[in-house]
Amino acid sequence: MPEGKEVTSSSLSQGLTHPDPDPDDRPKSPPTSPTSSARKASCAVLQSWVSKKFLSGCVVLFPVAVTFLVTWWFIEFVDGFFSPIYAKLGIDIFGLGFVTSMLFIFFVGIFASSWLGATVFWIGEWFIKQMPFVKHIYSASKQISAAISPDQNTTAFKELAIIRHPRHGEYAFGFITSTVSLQRDDGYQELCSVYVPTNHLYIGDIFLVNSDEIIRPNLSIREGIEIIVSVGMTMPQIISHTERAPHQRNRIPLNRII
């Protein structure tokens, strides 16, 4: 038992010599000065301002950079058609092949608009349509180009339209491609063939919609193409409905009866 007394007395002595520090007596961190708080707030405001301006610069420069890159790629692509010919002739002028390509396309358009050019292209088109696989690619690409062609109004998009699709209360942009007449027991019903793109302009669905149920916005076909290609980012804030011309109402094309 003397050992227990010695341990008890030593613990008591240590408690007396080294008492537990009072919570109020513990060292405290120095108080934050108003100057440091203002400095931190200024740094936060400056960082937020720099971030916003940097993002604003990216937003402004992004379309410029994309336009420049696409234009540069297009120039190099078109320039590559005739630049090898000039290289063999010893002429090394950047852009000369591009200018030659543009002039070539221009003269091809003039030639295709003439009677002789139309005949030549018709014969070439007949040969292409005889090929098993190539004719499908040619027909699809021709339909796309005909939609925006200024000379082929018979196969181009007629009007920009808005139809109720796919459910009630939802609408979709489309292009009126033709007008047909549905023969019924009580007479004829005018239907419009509306092409609704589902993958930009290349793939879509065809709907036969009653002419009276089609909403015709005050937008051109080119504006409609821009809206679809830009996935709706060029959509105007207000779209108004335009009425059909009086001569277009109750028009029954007798040569298109189904």
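Residues numbered from 1 in each chain as written. Predicted model: local features only at pLDDT ≥ 70, side-chain atom pairs only at ≥ 80, totals over all residues. Heavy atoms only, no water.

- For the protein, an unreviewed UniProt entry supplies the name Protein LIKE COV 2 and the organism Erythroxylum novogranatense.

## Digging into the sheet that holds strand β2 (residues 171–184)
Line of reasoning, step 1. Taken together, 4 strands build an open sheet; the order of strands is β1-β2-β3-β4 and the sheet is antiparallel. On the outer flanks of this sheet lie β1 (159–164) and β4 (203–210), each paired with one strand and no other. Across the sheet, the mean angle separating the axes of adjacent strands is 45° when strand polarity is ignored.
Line of reasoning, step 2. Of the pairings in the sheet, the one linking strand β3 (residues 187–199) to β4 comprises 8 bridges and is antiparallel in character. Within the sheet, the bridge partner assigned to Asn199 lies in β4 and is Ile203. (Pairing = 2+ DSSP bridges. Helix = DSSP H or I, 4+ residues; strand = E, 2+ residues; numbered from the N terminus. Axes fitted to C-alpha atoms, helices over the stretch in contact; angles between N-to-C directions.)

## A look at the pairing of β3
Line of reasoning, step 1. Across 9 bridges, β2 lies against β3 in antiparallel orientation. Within the sheet, the bridge partner assigned to Arg184 lies in β3 and is Gly187.
Line of reasoning, step 2. Here β2 hands over to β3 after 2 residues, the two strands then running antiparallel side by side.

## Some details on the UniProt feature "transmembrane region" (unreviewed entry) in the protein
Line of reasoning, step 1. Mapped onto this structure's residue numbering, the UniProt feature "transmembrane region" (unreviewed entry) falls at residues 54–75 and 95–123.
Line of reasoning, step 2. What you have in residues 95–123 is 93% helix and 0% strand, and the ends, taken at the C-alpha atoms, are 34 Å apart. (UniProt positions renumbered as here; feature names shortened; annotations may be inferred.)

## Describing the nonpolar core
Line of reasoning, step 1. Phe157, Leu160, Ile162, Phe173, Phe175, Tyr195, Leu219, Ile225, Ile227 and Ile228 together form the largest nonpolar core, which totals 10 residues.
Line of reasoning, step 2. For this core, the secondary structure elements donating two or more residues are β1, β2 and α6 (221–229).
Line of reasoning, step 3. Among the elements that take part in this core, α6 stands out by supplying 3 residues, more than any other.
Line of reasoning, step 4. Core analysis: the second largest hydrophobic core is formed by 9 residues, Ala161, Ile163, Cys192 and Val196 among them. (Core = buried A, V, L, I, M, F, W, Y, C linked by side-chain atoms within 4.5 Å. Buried < 20%, exposed > 50% of the residue type's maximum accessible area, 1.4 Å probe, protein only.)

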